[in-house]
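# Observations on chain architecture
Each chain is listed here by its residues.
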Amino acid sequence: MRFVPTAIAGVTIVETEPRLDGRGAFARLYCPLEFAAAGLGDFRPAQVNLSRNTARHTLRGLHYQDPPRAEAKLVRVTRGRIFDVAVDLRPGSPTLYRWTGTVLDEDGLRALFIPEGCAHGFITLAPETDVLYQMGRNFEPGWGRGLRYDDPRLAIAWPAVPAVVDDKDRNWPLLGADV
Ligand SMILES: Cc1cn([C@H]2C[C@H](O)[C@@H](COP(=O)(O)OP(=O)(O)O[C@H]3O[C@H](C)C(=O)[C@H](O)[C@H]3O)O2)c(=O)[nH]c1=O
């Protein structure tokens, strides 16, 4: 695996190096030892989730969980295409409230690692898009927090106008202008 840093410390593009042969390819998608050696800490997924999105330009997020339920996640696309975004929410971070984004598509050989302390969201760029999550913690209802995808304080350059957004995601509080 190759670990490609982004503008936000810890948010990392994880690229696999498929082994090709006459049958096709074989690729390692995750390894705790390689993640630890890359400085991403002890990421050992507790649950794996599938987000199935029917319409193009479906937007989900931006979501995060506060300590002690903060969660790291490894996100990849198994069908379709997304623009995937992470926002730094770590107090004292030099990139606090900065965002970074990357396109993930169905070849599934690129993933985005979002560490604890960052919010995550995506917009689909194709219909029938499936997003696969490896989650660093078990899900517990009631711990979900969110940022507005259109918060002017974040100024995320989404590549499309969202067509489908859950009411929950339309109603997260805006960050104050003072942050
Ligand atoms: C996150 C989660 C949800 N659920 C249940 C709760 C609801 O009944 C249903 C949909 O949950 P929610 O509306 O929170 O799903 P999304 O809006 O896609 O949220 C996810 O999308 C953003 C972009 C993320 O990064 C998070 O992984 C997650 O917050 O699945 C579970 O059973 N387990 C889980 O881990």
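Residues numbered from 1 in each chain as written. Predicted model: local features only at pLDDT ≥ 70, side-chain atom pairs only at ≥ 80, totals over all residues. Heavy atoms only, no water.

## Details of the packing of aromatic side chains
Counted according to the given criterion, the structure contains 8 aromatic pairs. Ring geometry for Phe-35 versus Phe-113: centroids 5.7 Å apart, planes at 80°, classification edge-to-face. Of the two residues, Phe-35 is situated in helix H1 (residues 32-37) and Phe-113 in strand E10 (residues 110-114); the sequence distance between them amounts to 78 residues. For Phe-35, a relative accessible area of 0% puts it in the buried group. By the ring-pair criterion, three or more aromatic residues cluster together here, those being Phe-3, Tyr-30, Phe-35, Phe-43 and Phe-113. (Phe/Tyr/Trp six-rings, centres within 6.5 Å; stacked < 30°, edge-to-face > 60°. Helix = DSSP H or I, 4+ residues; strand = E, 2+ residues; numbered from the N terminus. Buried < 20%, exposed > 50% of the residue type's maximum accessible area, 1.4 Å probe, protein only.)

## A few points about the pattern of salt bridges
Counted under the stated rule, the structure contains 17 salt bridges. The residue Asp-42 makes a salt bridge to Arg-44 at a minimum N-O spacing of 2.7 Å. For Glu-71, the salt bridge is made with Lys-73, and the minimal N-O distance between the two is 3.5 Å. Of the two residues, Glu-71 and Lys-73, both sit in the buried class. Beyond isolated ion pairs, a larger network of salt bridges with shared partners links Arg-2, Glu-15, Glu-17 and Arg-110. (Salt bridge = Lys/Arg side-chain N within 4 Å of Asp/Glu carboxyl O.)

## Concerning the site of the ligand
Contacts to the ligand come from Asn-49, Arg-60, His-63, Lys-73, His-120, Tyr-133, Met-135, Phe-139 and Lys-168. Arg-60 places a side-chain nitrogen or oxygen 2.8 Å from an oxygen atom of the ligand. Tyr-133 has a polar side-chain atom sitting 3.3 Å from an oxygen atom of the ligand. Here the ligand, which alone exposes 650 Å², has 61% of that area covered by the protein. When contributions to the shell around the ligand are tallied by element, the ones reaching two or more residues are strand E6 (58-65) and strand E12 (129-135). Residue classes in the shell around the ligand are distributed as 3 nonpolar, 3 polar and 3 charged. (Near = heavy atom within 4 Å. Polar contact = N/O pair within 3.5 Å; in protein donor to acceptor, adjacent residues only side chain to side chain. Areas by Shrake-Rupley, 256 points an atom, 1.4 Å probe, with all protein chains shown as cover. Nonpolar A, V, L, I, M, F, W, Y, C, P; charged D, E, K, R; others polar.)

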